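Structure at a glance
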Amino acid sequence: GALGSICPRHDVLVVSDDMHADIVFSGYEYTPFAAVGPQHMHSSITFLSPAKAFNIAACCSSFTVIPDEAMRKRYQVENSRLTINKNNAFANVAMEAAYRHGGPWLDTVMAYLHR
């Protein structure tokens, strides 16, 4: 799309809030901006979380995907410096449980939303 061609050409970083990425109706597919092409991968940061789809928002669970290694390292330094990396052990276990075992829950949610 237009955004995908304009941003790399003008050295614009795309910060994509994909917190609802797991909520996808049947027949559709979630495609992160970074997956559109190699130039998009190196000019984007994607924020993801199972919190919305799996109803675990109270766990403060999220993660960041930064495919570009140099950008990821800079982000990690700033994240640590600002002490904003706040996932806790409970949140990490909740995220893993949601993604490993939450399929039936999400199927039920999607069926409800589709009605």
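Further up the page is the structure itself.
Below or above, wherever it landed, is the structure these notes cover. The structure presented is a predicted model; accordingly, all values stated were derived computationally and were not measured.

**Digging into the sheet that holds strand β2 (residues 44-48)**
- The strand order across the open sheet built from 3 strands is β1-β2-β3, with neighbouring strands paired in mixed fashion. Edge positions in the sheet fall to β1 (14-17) and β3 (63-65), since each has one partner strand and no second. Between one strand axis and the next, the sheet turns by 20° as a mean value, whatever way the strands run.
- Alignment of β1 against β2, held across 4 bridges, turns out to be parallel. Counted as the bridge partner of Ser16 is Thr46 from β2.

**Quick word on the packing of aromatic side chains**
- Scanning the model with the defined rule gives 2 aromatic pairs in all.
- Ring centres 5.8 Å apart and planes at 80° place the aromatic pair Phe54 and Tyr99 in the edge-to-face group. Taken together, the residues span a long stretch of sequence, with Phe54 in the loop between β2 and β3 and Tyr99 in helix α4 (residues 89-101) at a distance of 45 residues.
- Residue classification places Tyr99 among the partly exposed residues on the basis of a relative accessible area of 39%.

**Quick look at unusual backbone geometry**
- The backbone phi angle of Asp11 is positive, close to 55°, even though this residue is not glycine.
- Tracing the backbone through its elements, the reader meets Asp11 in the loop between α1 (2-9) and β1.
- Phi is positive for Asn55, which is not a glycine, with a value near 55°.
- Structurally, Asn55 is set in the loop between β2 and β3.
- What makes Asn55 exposed here is its relative accessible area of 59%.

**Here we look at the pattern of salt bridges**
- A full pass over the atoms with the stated rule returns 3 salt bridges.
- A salt bridge links Glu69 to Lys73, with the nearest nitrogen and oxygen atoms 3.2 Å apart. In this pair, Glu69 and Lys73 both sit in helix α3 (residues 69-81), 4 residues apart, roughly one turn of the helix.
- We classify Glu69 as partly exposed; its relative accessible area is 47%.
- Among the salt bridges present, the one from Glu96 reaches Arg100, with a minimum N-O distance of 2.7 Å. Of this pair, Glu96 and Arg100 both sit in helix α4, 4 residues apart, which is roughly one turn of the helix.

**Comments concerning a nonpolar patch on the surface**
- On the surface, Phe25, Tyr28, Tyr112 and Leu113 cluster together to form a nonpolar patch covering roughly 480 Å² of accessible area.
- Structurally, the position occupied by Leu113 is in helix α5 (residues 103-114).

**Points about the pairing of β2**
- Extensive coverage of β2 is indicated by the burial of 4 of its 5 residues.
- The pairing of β2 with β3 spans 3 bridges and is antiparallel. The residue of β3 that forms the bridge with Phe47 is Thr64.

Definitions and limits used
- Residues numbered from 1 in each chain as written.
- Predicted model: local features only at pLDDT ≥ 70, side-chain atom pairs only at ≥ 80, totals over all residues.
- Heavy atoms only, no water.
- Pairing = 2+ DSSP bridges.
- Helix = DSSP H or I, 4+ residues; strand = E, 2+ residues; numbered from the N terminus.
- Axes fitted to C-alpha atoms, helices over the stretch in contact; angles between N-to-C directions.
- Phe/Tyr/Trp six-rings, centres within 6.5 Å; stacked < 30°, edge-to-face > 60°.
- Buried < 20%, exposed > 50% of the residue type's maximum accessible area, 1.4 Å probe, protein only.
- Salt bridge = Lys/Arg side-chain N within 4 Å of Asp/Glu carboxyl O.
- Patch = residues over 30% accessible without salt bridge, like charges linked within 9 Å, V, L, I, M, F, W, Y side chains within 5 Å.
- Areas by Shrake-Rupley, 256 points an atom, 1.4 Å probe, with all protein chains shown as cover.

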